[in-house]
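Tertiary structure, described
Letter by letter, the chains look like this.
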Amino acid sequence: MVAEFEVDLGRLRTREGMAPAKKNGKLKGKQPKLPEPARRSIRRRYAEGEVSLADLATEYSVGRSIIHRIIHGPETSR
């Protein structure tokens, strides 16, 4: 019971610290692996049939799953 109370206090302190940071724009979450211009280029080149998914992954030094998410995911960035 005491350990549970201490964990709750830690969570409370963390939330209290995160609130001002979020307000000041310091908490943005995980950033995308590739910038938006590169994402647009990937979508365009894949749609035109210029390159394969694996070729794009090699060219941009990311996994095929990242390229797949860019191609088949939402068009907008975060």
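This text follows the structure it describes.
Just so it is clear, the structure is predicted and the values come from calculations on it, not from any experiment.

**A short note on the packing of helix α3 (residues 53-60) against helix α4 (residues 64-72)**
With their axes 8 Å apart at the nearest point, α3 and α4 run at an angle of 115 degrees to one another. By the angle class used here, α3 and α4 are roughly perpendicular. Two packed elements cross with a definite hand, and for α3 against α4 that hand is right-handed. On the side of α3, the interface is formed by Leu 53, Ala 54, Leu 56 and Ala 57, while α4 contributes Arg 64, Ile 67, His 68 and Ile 71. In terms of residue class, the contact of α3 with α4 is built from six nonpolar, one polar and one charged.

**Structural notes on helix α1 (residues 2-23)**
One turn of the α-helix equals 3.6 residues, which is why residues spaced by three or four share an orientation. Its 22 residues give α1 an end-to-end C-alpha distance of 32 Å, which sits within 8% of 32 Å, the value for a rise of 1.5 Å per residue. Downstream of α1 by a residue or two, Gly 25 has a phi angle that is positive, lying close to 80 degrees.

**A look at the environment of Gly 17**
By the element assignment, Gly 17 lies in helix α1. Overall, Gly 17 belongs to the partly exposed group, its relative accessible area being 45%. In this structure the C-alpha to C-alpha distance between Gly 17 and Pro 37, which are 20 residues apart in sequence, comes to 34 Å.

**Quick look at the nonpolar core**
Counting residues in hydrophobic clusters, the biggest one holds 12 residues: Leu 34, Ala 38, Ile 42, Val 51, Leu 53, Leu 56, Ala 57, Val 62, Ile 66, Ile 67, Ile 70 and Ile 71. Those elements giving two or more residues to this core turn out to be α2 (36-47), α3 and α4. By residue number, the principal contributor to this core is α4, which donates four residues. What Ile 71 contacts, discounting residues up to four positions off in sequence, is Ile 42, Arg 43, Tyr 46, Leu 53 and Leu 56.

Reading the values: rules and limits
- Residues numbered from 1 in each chain as written.
- Predicted model: local features only at pLDDT ≥ 70, side-chain atom pairs only at ≥ 80, totals over all residues.
- Heavy atoms only, no water.
- Axes fitted to C-alpha atoms, helices over the stretch in contact; angles between N-to-C directions.
- Helix = DSSP H or I, 4+ residues; strand = E, 2+ residues; numbered from the N terminus.
- Parallel < 35°, antiparallel > 145°, perpendicular 65-115°, else oblique.
- Left-handed = near helix turned anticlockwise from the far one by under 90°.
- Contact = heavy atoms within 4.5 Å.
- Nonpolar A, V, L, I, M, F, W, Y, C, P; charged D, E, K, R; others polar.
- Expected span 1.5 Å × (residues − 1).
- Buried < 20%, exposed > 50% of the residue type's maximum accessible area, 1.4 Å probe, protein only.
- Core = buried A, V, L, I, M, F, W, Y, C linked by side-chain atoms within 4.5 Å.

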